[in-house]
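The residues making up each chain are set out below.
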Amino acid sequence: MLTETLLSGEFEPPSAADFQFAPIFGDSILFSKPVFLVALSVILIASFFIISARKAAIVPSRLQFAGEGVYSFVRNSIGQDVIGPEFMRFVPFLFTLFTFVLCNNLFGIIPFLQFPSMSRIGFPIALAVFTYVVYHYVGIKHHGLKKYVKDICFMPGVPKWIYVILTPVEFATYFIVRPATLSLRLFANMFAGHLLLLVFTLGGEHLLASTIFLKILSIFSFGFAVGLSFFEFGIECLQAYIFTLLTALYIAGALADEH
Amino acid sequence: MTGTMAIVGFGLSTIGPGVATGLVFAAYINGIARQPEARGLLQPIAFLGFALAEALALIGLVLAFVLK
Amino acid sequence: MAVHDEGAFWSIFGYLLSGLVIWGGIGHFVDRWMGTHLFFPGGLLLGISSSFYLIWMRFIKAK
């Protein structure tokens, strides 16, 4: 009650409406901010790795060292450790996925851009569809369609009548729940993180527009926003890593001889 | 204010499983750090504890969507 | 090896979720269709027990 009387106007908390952008030009939703951010991320990633690899030398420059660091991280600690001997086939896919998700997530805390494009559900769904197609294709090619589906749906060493209960659960896990949780995990983390930052920055802005006592309090709100930006940096890197790691684990599961 | 109390109930019901999952992981990491060769022994126990704790959170999620 | 642990934890989460959603959902729709109130809790119980059975067979007994 006290704060309500102190504040000059009604505070409108940020909501899902803050994630809708008007088109920058024209009427089509295709020309709104998230789409431009995704296009920008492609340009940034491509130019960074082209420049860092163009003057490749035995004694690497600082830029080449950074590029090779990202590559060898994905290749060794995601590809080789998880997938095993056949990992080299999947490194381009995993590397593209990791850098793309990482760059788009980091847009959430870069000043003036400040919008993680993965907080629009369409982009994570598209990436999860890629993963879904890849790991099922790999599994079917490796085992043959009949054996692959049989391995997933019918667990050995179980009485026959229990299959009636277990098979729907297994089928749903592999074909529905896995891609759905893969995209939802990334989306929900980015959405919640951006909303959290919006709460503190918009709240601070609102406090700044009222009485002198609340103006002082707005320092804490902005301070929290800055602190949480560092926290968000960690979350964004972690989510890019987890997305790529789970993709690699699903590919490894599809290649394994027994599930 | 609009919305259902079921969502508030789900929020409250996640506190317990959240703490429980944290405790399971803490004990698992502690055990491996002290005795790395005991990993094979600890792993199934950690899986079981995680599953039991997580089941409660998921029952809360399902009930929050269904109960009006 | 730690990454395989993480994959196993997410798989356990997926099994629990899909068991509850599939059998709870079937029970829920049977309840709507028949006008009863017993199939939904029964479906939840069946779902959670089938998930635990799967987790037991895949992750705990195999170790």
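Residue indices begin from 1 for each chain and proceed along its sequence in written order. Key to labels: chains lettered from A, ligands numbered from 1, both in the order written. In keeping with the model being predicted, local features are shown solely for residues with a pLDDT of at least 70 and side-chain atom pairs are shown and tallied solely at 80 or more, while totals for entire chains, interfaces and linings include all residues. In computing side-chain values, all of the structure's heavy atoms are included and hydrogens and water are not.

Quoted straight from UniProt, the Subcellular location (unreviewed entry) entry for chain B says "Membrane". UniProt positions are given in the numbering used here, feature names are shortened, and annotations may be inferred rather than shown by experiment. Under the UniProt heading Sequence similarities (unreviewed entry), the note attached to chain B is "Belongs to the ATPase C chain family."

As recorded by UniProt, the Sequence similarities (unreviewed entry) comment attached to chain A reads in full: "Belongs to the ATPase A chain family." In its Subcellular location (unreviewed entry) section, the UniProt entry covering chain A states "Membrane".

**Here's the deal with the interface of chain B and chain C**
Between chain B and chain C, the residue contacts involve 19 residues of the former and 20 residues of the latter. Buried area: the accessible surface (1.4 Å probe) lost by two parts on joining, summed over both. When chain B packs against chain C, close to 1800 Å² is buried across both sides, 86% of that on carbon and sulfur atoms. Together, Phe47, Leu58 and Val62 of chain B form the three largest contributors to the area buried by chain B at its contact with chain C, with a combined 31%. Whenever a carboxyl oxygen of Asp or Glu lies within 4 Å of a side-chain nitrogen of Lys or Arg, that contact is scored as a salt bridge. The interface formed by chain B and chain C holds 0 salt bridges in total. For the purposes of these results, a polar contact is taken to be a pair of N or O atoms within 3.5 Å, where, inside protein, one atom must be able to donate a hydrogen and its partner to accept one; residues adjacent in sequence count only when each atom of the pair is a side-chain atom. Between the two partners, chain B and chain C, sit 0 residue pairs in polar contact (both at pLDDT 80 or more). Here a strand is any run of E in DSSP of at least two residues, a helix any run of H or I of at least four, and the numbering for each starts at the N terminus. Breaking the side of chain B that touches chain C down by element, the ones donating at least two residues are helix H2 (15-34) and helix H3 (39-66) of chain B. Take the side of chain B that touches chain C: its biggest share by element is 17 residues, from H3 of chain B. Nonpolar residues are Ala, Val, Leu, Ile, Met, Phe, Trp, Tyr, Cys and Pro. Charged residues are Asp, Glu, Lys and Arg, and all others, Gly as well, are polar. Here the side of chain B that touches chain C is built from residues that sort into 16 nonpolar, 1 polar and 2 charged. Contact between two residues is taken to exist if any of their heavy atoms lie within 4.5 Å; hydrogens are not considered.

**Some points on the side chain of Glu232 of chain A**
Residues and elements named next belong to chain A. Its place among the elements puts Glu232 in helix H8 (residues 212-255). Exposure is judged per residue with a 1.4 Å probe applied to protein chains only, and the accessible area is read against the type maximum: over 50% gives exposed, under 20% gives buried, and values in between give partly exposed. Only four residue types enter the charge count: Lys and Arg as positive, Asp and Glu as negative, with His and the chain ends excluded. Here Glu232 is buried and forms no salt bridge, its nearest opposite-charge partner Lys33 lying at an N-O distance of 15 Å. Glu232 has contacts with Ile109, Gly193 and Leu197, leaving out every residue within four places of it along the chain.

**A look at the packing of aromatic side chains**
Any Phe, Tyr or Trp ring, taking Trp's six-membered ring, that has another such ring centre within 6.5 Å forms a pair; planes under 30 degrees apart are called stacked, those over 60 apart edge-to-face, and the others tilted. Evaluation of the coordinates by the stated rule reveals 22 aromatic pairs over all chains. On the numbers, 5.1 Å between centres and 85 degrees between planes, the contact of Phe47 of chain B with Phe9 of chain C is edge-to-face. Remark: Phe9 of chain C occurs in helix H1 (residues 2-34) and Phe47 of chain B occurs in helix H3; the pair is interchain, linking two chains. For Phe47 of chain B, a relative accessible area of 1% gives the class buried. Judged by relative accessible area, Phe9 of chain C falls into the buried class, the value being 7%. Between Phe47 of chain B and Phe59 of chain C, the aromatic rings sit 5.8 Å apart at their centres with planes inclined by 75 degrees, giving edge-to-face as the arrangement. Of the two residues, Phe47 of chain B sits in helix H3 while Phe59 of chain C sits in helix H2 (residues 39-60), which places them in two different chains. Across the pair, exposure class does not vary: Phe47 of chain B and Phe59 of chain C are buried alike. Among the aromatic residues, those joined into a cluster by ring pairs are Phe25, Tyr28, Phe47 and Phe50 of chain B together with Phe9, Tyr15 and Phe59 of chain C. Note on geometry: a ring has a charge over it if NZ (lysine) or CZ (arginine) is within 6 Å of the ring centre and within 35 degrees of the ring normal. Positioned above the aromatic ring of Tyr174 of chain A is the side chain of Arg178 of chain A, whose terminal nitrogen or guanidinium carbon lies 4.5 Å from the ring centre. Here Arg185 of chain A stacks its cationic end above the ring of Trp10 of chain C, 3.8 Å away from the centre of that ring.

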